[in-house]
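Next come the chains, spelled out residue by residue.
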Amino acid sequence: MDDAETQNKLVVASENGTDVENVQDNGANEAEKAGIQEDSLYNLKVHLPREPKMITIMVSTQEQMHDVRQSIIELPGTYQYSCFHLEHKGERINDFVQLSEVKDLTAESELHLIEDPYTEKEARLHVARVRELIGSAGNRTDTLHGILSGTSLIDSVTMAADSAKTHPMSGYDFDAEGGLASLLPTSQDPPPKTVKSISISPWNPPPYHLRQKGHLLYILITTLEGEQHHITSHVSGFYVNKSSSNKFDPMPRAAPKSHKAHSLLTLIEDLSPSFGSVFQKYLEFQVKKEPLAHFQITNATPANPWIVPNSASSLVAHEFDITRTQESYLIGGIDNAETLRDWNEEFQSTRELPKEGVQDRVFRERLTSKLFADYNEAAARGALLVARGEVAPLNPTETRDAQIFVYNNIFFSYGADGVGTFASEGGDEAARAATGKDVMGVRMVNQLDIEGLFTPGTVVVDYLGKRIVGQSIVPGIFKQRDPEENQIDYGGVDGKDVVAADEKFGSVFETLSKSLRLKKHAVWDKNGKRFDLEGSVETKGLLGTDGRKYVLDLYRVTPLDISWMEEVGTALGSPGQTNGVVENAYPHRMTVLRPELVDAYFKSQMRVWVSAEVEKRKGQNGTAEKKIEEIEGKNDESEDAASGLEKSDDEEATKAASAEGDKARIDIADFKFSLNPDAFSGQEPKTDEEKAELEQDEKDVRNACEFLRASVLPELVKDLTEGDVGFPMDGQSLSRLLHKRGINIRYLGKIAEAARGDKVQALRILSIQEMISRAFKHVASRYLRYLPVPLMGSGVAHLLNCLLGAEYNPKPKAEIDEDMASLYPEADLDFQKLTPQTLRKEIELQILRRFRYTIETSWSSAIKPVQLLRDVSLKLGLQIELKEYHFTKQTAVTNGHSDSLAPPPTNGANGNSAISKKKKKRDASPAAKEAVPTTTLVTFSPSDIVNVAPVIKEASPRSSLAEEALEAGRISIMQGQKDLGRELLLESLSLHEQIYGIIHPEVARVYNTLSMIYYQLEEKDIAVELARKAVIVSERTLGVDNAETLLSYLNLALFLHAYGQTKEALVYLHHALCLWKVIYGPNHPDSITTLNNAAVMLQNLKEYHESRVWFEASLKICEDAYGKSSINSATLLFQLAQALALDSDSHAAVKRIRESYNIFHRELGAENKNTKEAENWLEQLTQNAVSVAKHAKETKARQALRGPSRVLGQTRPQPQVGQTVEAASGRSPSKGLDSRTISELVKFIEGVDGGKTTTKKGVPGRSNPKRRGGATK
């Protein structure tokens, strides 16, 4: 291997950021680096005290006994057990040891389940579990998560597949608006009722003298037979006592009415003759549902749908349940003290857990994931109470924005500049931006996992226009130190005037700075004293009273974007705009580069350096760059599921370099790169040397900013223009793509300006829509910030009417309950003065200020109302009632306003959908006129705003161990070691599920990734199973209409088709297209591939005419997006010609293939393989056109008898947003359009048997217009 190639591989190894030290390492070494150990599975027998006496469960040597316990609790035959322990050879087994650590435990061993005496806590939890188990818990009104949070549509969609008589694409309207009802599950029959009620008895709790005798709880049960039983929960179990509503006697009944059991479930079965059969029916009812769709979400925040049914719907029926208010007692105890936790100590002690061995890392990361999930939920609940004014402030005499709170051991404050900290940076706007960036910084530091450096738990909650920050309480943060001591031990104490630099923080901050590519640099305090700091002066270090080193205020972990600041006038020295004096000035100075941009710039500079070094030593600059690009291209295809910093690339590269013994190689450690985070922040050096150093630092930062503008932005637009990567569908996916590329959201205006022409019209539309929705969010937050909760519906409805309903009613009036408003004399009701005209002006000003983009004055009539409503609802946490909303007078329904919740017809997108442009003319009859309400001629009324849910930003780290295993599996498969790769991938999946739990966004992404890999490995059954799981988990954690959920549905449809279940595949594909219409609207550029796949599937079902229609629809979108003369269109014309031939339309087929040939000939030349193939097809089809016409009747007769012998089309995977098409397919671009001979098609058209009946694997380029047929000039 020559030095240049060695060096290229070292560069890529350095950039990977995983434990992969050298691309040449084999998969076994990757497995060793990832820490993967082979575990064994075997069946374990467990003896039970009651029927069925023995069970067998599958276990792994790597599992803990706690997992075995959970398996027993969840098995149908052992539901009743919850308070027990397991013994082996008469010795009790600790619940938290691994099976491999249990003495003498083998595959032949048998365990014994021993029932334990109850404690009060065990008894309470047992009652709560039994209520859940038998379906008597009723519905819950969650004060945090919204209506139908964590819902899944998989059962409803699957039900449609089972009931479909024809293929689901029949009658599909390509141009209709999306139906909102497709975002909600269909109403289903209620489950069978097993008991009338289970509740805590009014006699509870037991008096003192009975507690001494083992009494724990008193319970009241009413069976289906109507009999009421008072139950005593005793340490020994549950029994029926002698109490009644008027008499207290908790002693056991005498025989024959005595009933006793260790489990409450067993006792109920004894008391109610009908319970056993009804409970069995209830279990059968539950089995019909998809289990994943109903598992409790424990380690993630469930997604809230923005469209919800009205209160009369059975989906949200509010049931009578006396125990609903008792659940907090059952779970947390009488004083709820069990839920109070020392969050900071839990976070830091978890971080200090050992991480040497694999199982140490699994346990540590699993505990970390659960802890962050619990904290995020607790902080969000507390933030809601603070926002509603239900928590007393610690400093009630301060102004509202300066007030601080403590609730549930969490410290809360407002994301506003209440005390003037950010006065010079932009005030409230700067404070709001800083809190969001702080969460991102904390997440990065958590991901880096630096030894000896600690962060507080941090959550930001946006709710009702307020931003609230929840942090775990750092020991010593409120301690008043001596006057001569600083409150902070490292960094700026009082702005930049006072600086501290405690040497204790030097090493940990040095590690942090190297990981973030920050330079150790000089800063000066107000007295001109120099301090050399690692990290920004704004980043603070605090030595807690617990002896730990905490890092705080991580909102400036990257340098300022000086190019932007100079453009908008917020750089230091810019006249008059720093504090927003000028009306259209940018709101704040907290404009920093993204970490992903710094990382990309580092890689760019490294490539330049490596090329220069190679040229210096070998004169092989061109070869080096080529090889770097080749390897890097493969690396880019391995899509990262979430952005963030990995371990220091410098360290990894140094390890890889040291592994080589060749002295002539280039040592990556010689490459130095770092940026000064305090460049352009007002530092004043004293000596000429200091000034020169700062000047060089500022030059480096300026070069990074120019790299963003000159390279990153144009490259993104170029990739999307050429269709080489997955196209964003909505504001969320666009933002995610920008962040992944290192582009700040403030550059949306630049992207909209660069997105000119038909090819990127969709990008321009999305960019403008995202700017409008973000501007509206800021305007709405200002009006809602100090609005009382009971008036929130009125405020939101009026804002939406001014934004979306102005064409329906140009002068909407705010509907407000005057009696309610009179209760809040100090409330800010300025929203009533808002008109559509003033709102438009405010939005235009916000867009100009925040994005430097002048939007066209006609934007309000050009917006897509459904998509914009969805965007603003997701940003503000709105949950809006499903009904028919009228955005223009033309969309008014025939008989006035309709609140019907009837589901849409089959395609979910025609004239009967929730929002439709195609309406019949209004009936002119008097009855119809009278039916129109005269007081609510507005699009939205306050009652339509059903709920406002919090929008949560949190700092949970990802599992490095699980990602290392996934990367090791990918590399093994890339190197051809498929068996090892499969083992590693399965290990990665197991690690993801163990660490995150099953219902988590990261698990959804790994399901999706693995499903694609198994599809490429031709293991389609596994691919289908994983894709189905990806759909469900994505729906529940990301949203039923999230772009990732949509792509998961498309993949599921693709894999089902490949598995031979084409009709079911079309059902899921149809649902995905309905989602697509709601998310983006019709005619999204990436839908070309999806419509193409649908056409191929219809061919498989022998629906040739329908298939032709779908090919034509795909071609229409392609021509609109890429032009009629594009190679993409030529590829689709080629496929359409085949479809037309199948549909026995020979003349049209010849016309289309001629058009395809002409484009290939003009664009690629006569010698190109695609051109030649198109020419051959054209000649043969032309020759056979007359023959087909002559033998039309005979051909039709033969086809009717025999049917087609092969399917001409081939489906293609849909790339993820920002992912290359080759990465999605796992194959290289094709070199031709079709691998079949012309004679085979002719035989097929004429009805002659083609021989083999199996579908031949075609080349990717033929069925994917985005790859332009693999064309090369």
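Residues numbered from 1 in each chain as written. Predicted model: local features only at pLDDT ≥ 70, side-chain atom pairs only at ≥ 80, totals over all residues. Heavy atoms only, no water.

Participant: So what exactly am I meant to see when it comes to the overall build of the protein chain here?
Facilitator: Across its full length, the protein chain holds 42 helices and 25 strands. Each of the 1273 residues in the protein chain was classed as buried or not, and the buried ones make up 57%. Relative to all contacts within the protein chain whose residues are 6 or more apart in sequence, the contacts with residues 24 or more apart total 74%. Put simply, the protein chain shows about 53,400 Å² of open surface, and 50% of that area lies on carbon and sulfur atoms. (Helix = DSSP H or I, 4+ residues; strand = E, 2+ residues; numbered from the N terminus. Buried < 20%, exposed > 50% of the residue type's maximum accessible area, 1.4 Å probe, protein only. Contact = heavy atoms within 4.5 Å. Areas by Shrake-Rupley, 256 points an atom, 1.4 Å probe, with all protein chains shown as cover.)

Participant: I keep staring at the sheet that holds strand S2 (residues 54–60) and nothing clicks. Help me out?
Facilitator: Hydrogen bonds along the backbone pair up the strands of a sheet, which may run parallel or antiparallel. Taken together, five strands build an open sheet; the order of strands is S2-S1-S5-S3-S4 and the sheet is mixed. The strands lining the two open edges of the sheet, one partner per strand, are S2 and strand S4 (91–92). Note that strand S3 (residues 84–88) and S4 share two bridges and pair antiparallel. Within S4, the position partnered with glutamate 87 by the bridge is arginine 92. Strands strand S1 (41–47), S2, S3 and strand S5 (110–115) of the sheet are contacted by helix H3 (residues 65–74), whose axis makes an angle of about 120 degrees with S3. (Pairing = 2+ DSSP bridges. Axes fitted to C-alpha atoms, helices over the stretch in contact; angles between N-to-C directions.)

Participant: How should I be thinking about the pattern of salt bridges in this particular structure?
Facilitator: If the charged atoms of two oppositely charged side chains come close together, the side chains can form a pair. Within this structure, the stated rule accounts for 69 salt bridges. Where lysine 355 meets aspartate 449, a salt bridge forms, and the shortest distance between an N and an O atom there is 3.3 Å. Here aspartate 449 lies in the loop between helix H12 (428–448) and strand S14 (453–454) and lysine 355 lies in the loop between helix H10 (343–351) and helix H11 (358–387), a separation of 94 residues in the sequence. Judged by relative accessible area, which is 28%, lysine 355 ranks as partly exposed. For glutamate 429, the salt bridge goes to arginine 850, with nearest N and O atoms at 2.7 Å. Here the residue glutamate 429 occupies a position in helix H12, and arginine 850 occupies one in helix H24 (residues 836–851), the gap between them amounting to 421 residues. Three or more residues joined by partner-sharing salt bridges are found here, namely Arg351, Lys355, Arg364, Asp449 and Glu451. (Salt bridge = Lys/Arg side-chain N within 4 Å of Asp/Glu carboxyl O.)

Participant: Mind showing me how you'd approach the packing of aromatic side chains here?
Facilitator: For any pair of aromatic rings, the description consists of the separation of the ring centres together with the inter-plane angle of the planes. For the structure on display, the rule yields 31 aromatic pairs. Look at tyrosine 601 and phenylalanine 707: their rings are 5.3 Å apart centre to centre, the planes differ by 50 degrees, and that puts the pair in the tilted class. Of this pair, tyrosine 601 sits in helix H15 (residues 595–618) while phenylalanine 707 is found in helix H18 (residues 688–721), placing the two residues 106 residues apart along the sequence. Under the relative-accessibility criterion, tyrosine 601 is labelled buried at 7%. Given the relative accessible area of 15%, phenylalanine 707 is considered buried. Over the ring of phenylalanine 84 we find arginine 69; its NZ or CZ atom is 4.2 Å from the centre of that ring. (Phe/Tyr/Trp six-rings, centres within 6.5 Å; stacked < 30°, edge-to-face > 60°. Lys NZ or Arg CZ within 6 Å of the ring centre and 35° of its normal.)

Participant: Hey, could you run me through the side chain of aspartate 489 in this one?
Facilitator: Residue position: aspartate 489 is located in the loop between strand S16 (466–472) and strand S17 (490–494). In this structure the side chain of aspartate 489 is engaged in a polar contact, spanning 2.7 Å, whose partner is the backbone nitrogen of leucine 543. Those residues in contact with aspartate 489 that sit more than four places away from it in its chain are Arg481, Ala500, Ala501, Asp502, Phe505, Gly541, Leu542 and Leu543. (Polar contact = N/O pair within 3.5 Å; in protein donor to acceptor, adjacent residues only side chain to side chain.)

Participant: Just checking my understanding: could you explain the environment of serine 349 for this structure?
Facilitator: Mapped onto the elements of the fold, serine 349 is located in helix H10. On the basis of relative accessible area, serine 349 is assigned to the partly exposed category, the value being 28%. From its side chain, serine 349 meets the backbone oxygen of glutamate 345 in a polar contact 2.7 Å long.

Participant: I tried to follow the side chain of lysine 777 on my own but got confused; where do I start?
Facilitator: Mapped onto the fold, lysine 777 is located in helix H21 (residues 761–784). Among buried charged residues, lysine 777 stands out as having no salt bridge; its nearest opposite-charge side chain is aspartate 462, 5.7 Å away. Setting aside chain neighbours within four positions, we find lysine 777 in contact with Lys875 and Leu876. (Lys, Arg positive; Asp, Glu negative; His and termini not counted.)

Participant: Can you walk me through the pairing of strand S13 (residues 410–414) in this structure?
Facilitator: Regular strands show a simple pattern: their side chains alternate between the two faces of the sheet. In terms of burial, S13 is largely enclosed, as five of its five residues are buried. Side chains Ile410, Phe412 and Tyr414 of S13 all project onto a buried face; the interleaved residues Phe411 and Ser413 project onto the opposite face, where all are buried too. Judged from the four bridges that link them, strand S12 (residues 404–407) and S13 form a sheet pairing that is antiparallel. Residue pairing for S13: valine 406 is matched across the bridge by phenylalanine 411. Between S12 and the antiparallel strand that follows it, S13, lie two residues; asparagine 408 among them carries a positive phi value of about 55 degrees. By the bridge criterion, five bridges tie S13 to S16 in an arrangement that is antiparallel. Across the sheet, the residue bridging to phenylalanine 411 is glutamine 471, located in S16.

Participant: Got a minute to help me understand helix H26 (residues 865–876) in this structure?
Facilitator: The periodicity of an α-helix, 3.6 residues per turn, causes residues three or four places apart in sequence to face the same way. In this model H26 runs 16 Å from its N-terminal to its C-terminal C-alpha over 12 residues, within 8% of the 16 Å that 1.5 Å per residue would give. The buried fraction of H26 is high, at 10 of 12 residues. Here H26 has its buried residues at Val866, Gln867, Leu868, Leu869, Arg870, Asp871, Val872, Ser873, Lys875 and Leu876. (Expected span 1.5 Å × (residues − 1).)

Participant: Explanation requested: the pairing of strand S20 (residues 530–533) in the structure shown.
Facilitator: The two faces of S20 differ: Phe531 and Leu533 on one face are buried, but Arg530 and Asp532 on the other face are not. Where strand S19 (residues 521–524) meets S20, four bridges bridge the pair, whose relative direction is antiparallel. Across the sheet, residue valine 523 finds its bridge partner in S20, namely phenylalanine 531. Between S19 and S20, which pair antiparallel one after the other, the connecting turn spans five residues, and glycine 528 there sits at a positive phi close to 80 degrees.

Participant: Could you clarify how one ought to interpret the confidence of the model for the protein chain in this entry?
Facilitator: The predicted coordinates should not be examined in detail at positions where pLDDT is low. For the protein chain, per-residue confidence averages 82 on the pLDDT scale, and 81% of positions sit at 70 or higher. For residues 577–581, every residue scores under 50 in pLDDT, and the model assigns this stretch 13 contacts once sequence neighbours within four places are set aside. Here residues 1195–1208 is a poorly scored stretch, pLDDT under 50, and it has 36 contacts once near neighbours within four places are set aside; other chains count. (pLDDT = per-residue confidence, 0-100.)

Participant: Is there a simple way to think about the packing of H21 against helix H22 (residues 792–804) in this case?
Facilitator: How two helices pack is summed up by the angle between their axes together with the distance between the axes. In contact at an axis separation of 11 Å, H21 and H22 are set at 145 degrees when each is read in the N-to-C sense. Note that H21 runs across H22; the crossing there is right-handed. Along the contact surface, H21 presents Phe776, Ala780, Tyr783 and Leu784, while H22 presents Met792, Gly795, Val796, Leu799, Leu800 and Leu803. Looking at the contact of H21 with H22 residue by residue, the classes come out as nine nonpolar, one polar and no charged. (Left-handed = near helix turned anticlockwise from the far one by under 90°. Nonpolar A, V, L, I, M, F, W, Y, C, P; charged D, E, K, R; others polar.)

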